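What follows is each chain in one-letter form.
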Amino acid sequence: MGSRRILWLNPGVWPGGKYKVRRSPWLWALIVLALSAAVWFWRQKTGEGKGALEKTPHRAADTNVASPARTASGRREFTSAPVHVSIARTNRPPATTVPSPAEIASGANAADFTARPAQNVFEAQVALARQAISSGSLDGVSGPKTRLALAAFQQKEDLPATGELDASTKGRLLLTSPAFTNYTVTAEDLTRLRPLGKTWLEKSQQDRLDFESILELVAEKAQSHPNLIQRLNPAIDWTNIVADTAVTIPSVERPPVRGRAALARIHLENRTLQVFDENTNLVAHFPCSIAAFAEKRPVGELHVAVIAHNPNYTFDPENFPESAEARELNRKLILPPGPNNPVGAVWIGLDKPGYGIHGTPRPEQVGRAESHGCFRLANWNAEYFSQMAWIGLPVFVEP
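Quick caveat, the model's predicted, so the values are computed rather than measured.

Another aspect to go through is the overall build of the protein chain. Regarding its fold elements, the protein chain presents 11 helices and 20 strands. The buried share of the protein chain, taken over its 399 residues, is 47%. Of the accessible surface of the protein chain, which amounts to about 20,600 Å², a share of 54% is contributed by carbon and sulfur atoms.

See the structure below:
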């Protein structure tokens, strides 16, 4: 954590010599107690305190593939030398690349398209997504999630894991078809739209927690941020969409799942979930949200216990002590299925009670430390992962 500078106060004179401080042992005891409490809360909030975390012997703080082996007790251990990839989360404005309408038109003809290297961040995000290496909602922004996705690709290709779209990475990361396609809004799409209740009780009374707008629906189908969809379609009035409206969207078609996964790894520091085959080759990489508080983050070997598609959600007020509505209700509610259900389109329950990997109604926010303990993926990533998951699949949660 590095060195810390501690400021010691002169117990006799305040700076400037004007005010005297009484040398009371109770005063200094209170100051020490207050400072200790502040440090403890800060460490718990940032995940640096031990809290209730169980440190396991097979931790490997990296995003590299580490080959699992079985010990005498049958427990998996990662035995290869890990390569640590640290992607700084900075406050600098991220680089954004969104194609112009002319660029979209020039690359729209699949028949005339020749495979070429990805030229910018947006094309890199599309090319990565086509290999099941997700940077989250496509947005053309070079942020931490995109750099982690690039690092995962670089490791897969035995390139230096810099997380940057450098020349050697462009040479391997190819666009094999146009980055864009058209989606036509259907009458069925329009009938799915529902206003979303503002309270838990209102949501429990709906027939389905479906999309609120066509923009939200199209963005999810395109695995994209709604802002990107709007910028790609500046002439569309999203408040007055009719059937047969053509929308330009990113063209993302991931490889079909060819078999079940051998293991999954959740890296808490990087907030990623990676999936490997029996030869420990990376087959998928997803950003994921983790618990807001360190004591809610399980560390160790877990296993998939249940897989439920299109699940309902049981609202238990005991899990939401911060909610005034929960305190007033004082009873459980059943919320219907839908993409705006709190656990999204898929629930993948783990063998630790109350914990699971699931979708979310807010895919743009995936990658944060904000949950009550579960691991959130974008709905499209949760659905893809569910195709390769199985009951008993080992899930290693690492610091």
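Don't stop here, the text continues.
So, about unusual backbone geometry. You will see that A132, though not glycine, has its phi angle at about 65°, which is positive. Looking at the secondary structure, you find A132 in the loop between α3 (121–129) and β5 (141–142). Of the residues examined, A132 reaches a relative accessible area of 1% and is grouped as buried. Phi at T280 takes a positive value of approximately 60°, unusual for a residue other than glycine.

The side chains of a regular strand alternate between both faces of the sheet. Within strand β9 (residues 263–267), 5 of the 5 residues are buried, which leaves the element mostly enclosed by the surrounding structure. Of the two faces of β9, the one lined by L263, R265 and H267 and the one lined by A264 and I266 are each fully buried. Bridging between β9 and strand β10 (residues 272–276) involves 5 bridges; their strand directions are antiparallel. Residue pairing for β10: I266 is matched across the bridge by L273. The turn joining β9 and β10, which pair antiparallel and follow one another in sequence, is formed by 4 residues; a positive phi near 60° is taken by R271. In this structure, β9 lies alongside strand β20 (residues 394–398), joined through 4 bridges in parallel fashion.

On to the sheet that holds strand β13 (residues 300–309), then. Either a parallel or an antiparallel arrangement is found when strands of a sheet pair, and the pairing is made through backbone hydrogen bonds. The sheet built from 8 strands is open, its strands ordered β11-β10-β9-β20-β13-β16-β17-β19 with mixed pairing. Each edge of the open sheet is held by one strand with a lone partner, namely β11 (282–287) and β19 (375–376). Direction of pairing for β13 relative to β20: antiparallel, over a ladder of 4 bridges. Bridge pairing links H303 to P394 in β20. On top of the sheet, helix α4 (residues 144–156) reaches β10 and β11; it is set at about 170° to β11, its chief contact. Taken strand by strand, helix α11 (residues 379–388) contacts β9, β10, β11, β13, β16 (346–350) and β17 (356–358), and its axis lies near 150° from that of β11.

Scanning the model with the defined rule gives 6 aromatic pairs in all. Both rings, one in F315 and one in F320, keep their centres 5.2 Å apart while their planes meet at 25°; by these two values the pair is stacked. Overall, the relative accessible area of 0% leaves F315 in the buried class. Put simply, the rings of W200, Y313, F315 and F320 touch in pairs and so form one group of aromatic residues. Directly above the ring of W200 sits K203, whose terminal nitrogen or CZ lies 5.4 Å from the centroid.

So, on to the nonpolar core. Counting 29 residues, the largest nonpolar core has I266, L273, I357 and F385 as its most contacted members. Elements that contribute at least two residues to this core include exactly β9, β10, β11, β13, β16, α11 and β20. With 4 residues, the single largest contributor to this core is α11. Ignoring anything within four residues of it in the chain, the contact list for I357 reads I266, L273, V346, W347, I348, L350, F375, L377, F385 and V395. By size, the runner-up hydrophobic cluster in this structure holds 26 residues, among which are F113, L228, F276 and L282.

The next thing to look at is the packing of α3 against α4. Packing of α3 against α4 leaves a shortest axis separation of 11 Å and a crossing angle of 55°. On the basis of the axis angle, α3 is oblique to α4. By crossing handedness, the relation of α3 to α4 is classed as left-handed. Every residue of α4 that contacts α3 at V121, Q125 and L128 is listed here: T146, A149, L150 and F153.

Here the focus is the confidence of the model for the protein chain. Here the protein chain shows a mean pLDDT of 82. Residues at 70 or above account for 72%. In the model, residues 1–22 has pLDDT below 50 throughout and makes 20 contacts with residues more than four positions away in sequence or in other chains. Note on residues 43–84: pLDDT under 50 across the span, and 99 contacts to partners over four residues away in sequence or across chains.

Rules and cut-offs
- Residues numbered from 1 in each chain as written.
- Predicted model: local features only at pLDDT ≥ 70, side-chain atom pairs only at ≥ 80, totals over all residues.
- Heavy atoms only, no water.
- Helix = DSSP H or I, 4+ residues; strand = E, 2+ residues; numbered from the N terminus.
- Buried < 20%, exposed > 50% of the residue type's maximum accessible area, 1.4 Å probe, protein only.
- Areas by Shrake-Rupley, 256 points an atom, 1.4 Å probe, with all protein chains shown as cover.
- Pairing = 2+ DSSP bridges.
- Contact = heavy atoms within 4.5 Å.
- Axes fitted to C-alpha atoms, helices over the stretch in contact; angles between N-to-C directions.
- Phe/Tyr/Trp six-rings, centres within 6.5 Å; stacked < 30°, edge-to-face > 60°.
- Lys NZ or Arg CZ within 6 Å of the ring centre and 35° of its normal.
- Core = buried A, V, L, I, M, F, W, Y, C linked by side-chain atoms within 4.5 Å.
- Parallel < 35°, antiparallel > 145°, perpendicular 65-115°, else oblique.
- Left-handed = near helix turned anticlockwise from the far one by under 90°.
- pLDDT = per-residue confidence, 0-100.

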